[in-house]
Amino acid sequence: MTLRIIATGGTFDKHYNELNGVLGFADSHLPEVIKRARITIPAALEVVSLLDSLDMQDADRQKVLAACQAASEKAIVIVHGTDTMRETAEVLGAAAGTSDKTIVFTGAMIPYEIANSDALFNFGFACGVAQTLPPGVYVAMNGTIFTWDKVTKNRAAGVFEAR
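Predicted model, so just to flag it, every value in this text is computed and none were measured.

Trainee: So what's going on with helix 2 (residues 58-70)? Which residues, and what values?
Mentor: If you check helix 2, its first and last C-alpha atoms are 18 Å apart, about what 13 residues at 1.5 Å a residue would give, namely 18 Å. Turning to helix 2, its buried residues number three or more, namely D60, R61, V64, L65, A67 and C68. Angularly, the buried residues of helix 2 cover 160 degrees about the axis, an arc narrow enough to put them on a single face. Facing away from the buried side of helix 2, by more than 90 degrees, are the exposed residues D58, A59 and A70. The secondary structure elements touched by the buried residues of helix 2 are strand 1 (3-9), strand 4 (43-51), strand 5 (75-79), helix 3 (85-94) and strand 6 (102-106).

Encoded structure:
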């Protein structure tokens, strides 16, 4: 089995600019994350975009969908910003062209390069469940799995929960 990993940006991939104190994007952290997570199955990384999910538009979601449809892998992990993760998952969940694949969205509440980030755990968890869940579209955050149509982000608590 080969795992397809699709990067779209989000807090997970943000870099801290120490000169101006701003979080923004440079290169994806995912090559380093894949090494640190010690993923032992072959993993193919595809960077579709590096966006804050609040900046993600319908055209960007269609690029994510097209990447999933074009992937030969049956297990796909999408690293996505948490603010609009559910909206992108909905686009994929409604698409018939992804019905034979297990697609798992994950992200981070704290950027990967910041101390106490949940990024590495969420990534490893998503990679594991992408290999074991039946075909469908899921969100895997902080040790919990949700189907795309039964999840919401509780912004006040900073967690995902069933809706």
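Trainee: Account for the nonpolar core, naming residues and giving values.
Mentor: Counting residues in each nonpolar core, the largest one holds 23 residues, and the members touching the most others are L3, F12, L30, V104 and F123. Taken together, the elements giving at least two residues each to this core come down to strand 1, helix 1 (30-37), strand 5, helix 4 (119-130) and strand 7 (136-141). If you tally residues by element for this core, the top one is helix 4, at 7 residues. Excluding its chain neighbours within four sequence positions, the residues that come into contact with F123 are I5, F12, L30, V33, I34, A37, I39, V79 and T106.

Reading the values: rules and limits
Residues numbered from 1 in each chain as written. Predicted model: local features only at pLDDT ≥ 70, side-chain atom pairs only at ≥ 80, totals over all residues. Heavy atoms only, no water. Helix = DSSP H or I, 4+ residues; strand = E, 2+ residues; numbered from the N terminus. Expected span 1.5 Å × (residues − 1). Buried < 20%, exposed > 50% of the residue type's maximum accessible area, 1.4 Å probe, protein only. Arc of directions from axis to C-beta. Contact = heavy atoms within 4.5 Å. Core = buried A, V, L, I, M, F, W, Y, C linked by side-chain atoms within 4.5 Å.

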